[in-house]
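Observations on the three-dimensional arrangement
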Amino acid sequence: REAGAHVFRVGGGAGGLDPRAVLHAIADRGITRLMIEGGPHIATTFLAADLVDECVVMRAPMRIGEAGIDALVAMRPGVASRLDDFLCAPRMRRRATCVLGEDQVEIFERM
């Protein structure tokens, strides 16, 4: 708060965070666009709630750690266990692909 951040509390859902409550609280403050970058648990929470309109995926040719880090948490009902499965679902379509050095960037959008 001292640095100018606005801190507010929202209700929790079955898995902890209620993503709809978060979006309503943000919208009440006049914010209409939001970038979410919080790791597999936050990504899964918003995907499971069907609240993702656009997804930017960056893929590198190397893994982080021995087994890598999953982009989604597989334990949430209604969400594909792998990011590729979600992005191939009928509700999303690839809008653009580009290469940055050795990395690949894909942009998907809700249909």
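Everything in this summary refers to the structure shown in the same document. Note that the structure is a prediction, hence the values are computed from the model and not measured.

Observations concerning the overall build of the chain
Counting secondary structure elements, the chain contains three helices and five strands. Written out in order from the N terminus, the α and β elements of the chain read β-β-α-α-β-α-β-β. When each of the 111 residues of the chain is scored for burial, the buried share is 22%. Looking at the chain alone, contacts between residues at least 24 apart form 56% of all its contacts between residues at least 6 apart. For the chain, the accessible area works out to roughly 8300 Å², and carbon and sulfur atoms hold 54% of it.

Overview of the environment of Phe-108
Looking at the element boundaries, Phe-108 is found in strand 5 (residues 103–110). A relative accessible area of 4% means that Phe-108 is categorised as buried. As for Phe-108 and Cys-55, which are separated by 53 residues in sequence, their C-alpha atoms are 5.1 Å apart. With sequence-adjacent residues up to four places away left out, Phe-108 is seen in contact with Asp-53, Glu-54, Cys-55, Val-57, Leu-87, Met-92, Arg-93, Arg-94 and Arg-95.

What counts as what
- Residues numbered from 1 in each chain as written.
- Predicted model: local features only at pLDDT ≥ 70, side-chain atom pairs only at ≥ 80, totals over all residues.
- Heavy atoms only, no water.
- Helix = DSSP H or I, 4+ residues; strand = E, 2+ residues; numbered from the N terminus.
- Buried < 20%, exposed > 50% of the residue type's maximum accessible area, 1.4 Å probe, protein only.
- Contact = heavy atoms within 4.5 Å.
- Areas by Shrake-Rupley, 256 points an atom, 1.4 Å probe, with all protein chains shown as cover.

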